[in-house]
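# Analysis of the macromolecular model
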Amino acid sequence: MLSSDVELAHDLRMPLQLICSSTQMIALSLEDGSADARAYVDMLLESAEQLRRMLDGAMDASVGVARMEQPRLVNGDLVACVRGLCLRCRPYARQRGVSLRCSGNVAALGMALDEDMLSRILLNLISNALRFTPEGGSVRVSWRAMGDFAEVSVADSGAGIPPERLPYVFLRGETDGGHGYGLPIARELARRLGGELSARSVPGRGSTFTLRLPVRSAMAV
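These remarks concern the structure in this document. (Residues numbered from 1 in each chain as written. Predicted model: local features only at pLDDT ≥ 70, side-chain atom pairs only at ≥ 80, totals over all residues. Heavy atoms only, no water.)

### Observations concerning the overall build of the protein
Secondary structure assignment for the protein yields 5 helices and 7 strands. Shown N-terminal to C-terminal, the secondary structure of the protein runs as helices and strands in the order α-α-β-α-β-β-α-β-β-α-β-β. Taking all 221 residues of the protein together, 43% fall into the buried category. Accessible surface, the protein as shown: approximately 11,200 Å² in total, 55% of it carbon and sulfur. (Helix = DSSP H or I, 4+ residues; strand = E, 2+ residues; numbered from the N terminus. Buried < 20%, exposed > 50% of the residue type's maximum accessible area, 1.4 Å probe, protein only. Areas by Shrake-Rupley, 256 points an atom, 1.4 Å probe, with all protein chains shown as cover.)

### Here we look at the pairing of strand β6 (residues 196–202)
Of the strand pairs in this sheet, β6 and strand β7 (residues 206–214) are connected by 7 bridges, and their pairing is antiparallel. Note on β7: the bridge partner recorded for A199 is F209. Joining the antiparallel neighbours β6 and β7 is a turn of 3 residues, in which G204 adopts a positive phi near 85 degrees. (Pairing = 2+ DSSP bridges.)

### Looking at the environment of G84
Looking at the element boundaries, G84 is found in helix α3 (residues 78–96). Sequence spacing of G84 and S119 is 35 residues, and the spatial spacing of their C-alpha atoms is 9.7 Å.

### Here's the deal with the packing of α3 against helix α4 (residues 115–132)
The geometry of α3 relative to α4 is characterised by a closest axis approach of 10 Å and an angle of 30 degrees between their N-to-C directions. As judged from the angle between their axes, α3 and α4 are roughly parallel. The hand of the α3/α4 crossing is right-handed. Taken together, the residues of α4 that come into contact with α3 (itself represented by L78, C81, V82, L85, R88, C89, Y92, A93 and R96) are E115, L118, S119, L122, L123, I126, L130 and R131. (Axes fitted to C-alpha atoms, helices over the stretch in contact; angles between N-to-C directions. Parallel < 35°, antiparallel > 145°, perpendicular 65-115°, else oblique. Left-handed = near helix turned anticlockwise from the far one by under 90°. Contact = heavy atoms within 4.5 Å.)

### As for the sheet that holds β7
The strand order across the open sheet formed by 5 strands is β2-β4-β5-β7-β6, and the pairing between neighbours is mixed. The sheet terminates laterally at β2 (99–104) and β6, the two strands that pair on one side only. With strand direction ignored, the average angle separating the axes of adjacent strands in the sheet is 15 degrees. Where strand β5 (residues 149–156) lies against β7, 7 bridges are found, and the strand directions are antiparallel. Directly across from A150, in β7, lies its bridge partner L213. Helix-sheet contacts for α3 involve β2, β4 (138–146) and β5, and the interaxial angle to β2 is about 170 degrees.

### Re the pattern of salt bridges
Within the structure shown, the criterion is met by 5 salt bridges. What you see here is one network of salt bridges that share partners, running through R144, E151 and R212. (Salt bridge = Lys/Arg side-chain N within 4 Å of Asp/Glu carboxyl O.)

### What about the packing of aromatic side chains?
Counting across every chain of the model gives 1 aromatic pair. Relative to F209, the ring of F170 lies with its centre 6.2 Å away and its plane at 85 degrees, an arrangement referred to as edge-to-face. You can see F170 sitting in the loop between β5 and α5 (182–192) and its partner F209 sitting in strand β7, a full 39 residues away along the chain. With a relative accessible area of 13%, F170 lands in the buried category. In this structure, R187 packs its charged tip against the face of F170, placed 3.8 Å from the ring centre. The lysine or arginine in question, R212, covers the ring of F149, its NZ or CZ lying 4.2 Å from the ring centre. (Phe/Tyr/Trp six-rings, centres within 6.5 Å; stacked < 30°, edge-to-face > 60°. Lys NZ or Arg CZ within 6 Å of the ring centre and 35° of its normal.)

This is the structure in structure tokens:
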């Protein structure tokens, strides 16, 4: 099990980056009457609320309240959650000069979700994809309903991962250009949700990380 301190420190980075990106876009929108400052304010508030929930959990743990290791599943819409995350990440993508798109084979997908855990997984994957994709490249987030399972994939047009390194990307310390915590954390969270996280890559053509989750009702868990 990864330590809670490492998980928290790593996961705080992306919401903070989204807050910075949204704030900068608001500043630019004040100079450009055609930009929608309200949308960026909403993204900023959502990222700040995510940080608050993370810090509340850490404070509870620090005063002896047992940290809940199991997900808190409620019935929600996977598609709405994924779309919302992509919307929040778009200011950061614009700053990087990378196209960020999302699409899927269904318009909605009701299932048992822990949206905080799901957000942590996908923000790890999307932030990595944006960070390792060069300016002018693209990142696509897609979802597929597959009967008893659903998949969410994050594909980038970056340099890809050498075949000899691909089997080790989920081991701590194996990430190029970072601390190597993000992917191990994401896979651990995926498994807590009853799912799995996998990777495939073609050097020179990019990488794809796929989250596979069971489709079930919170009442049935």
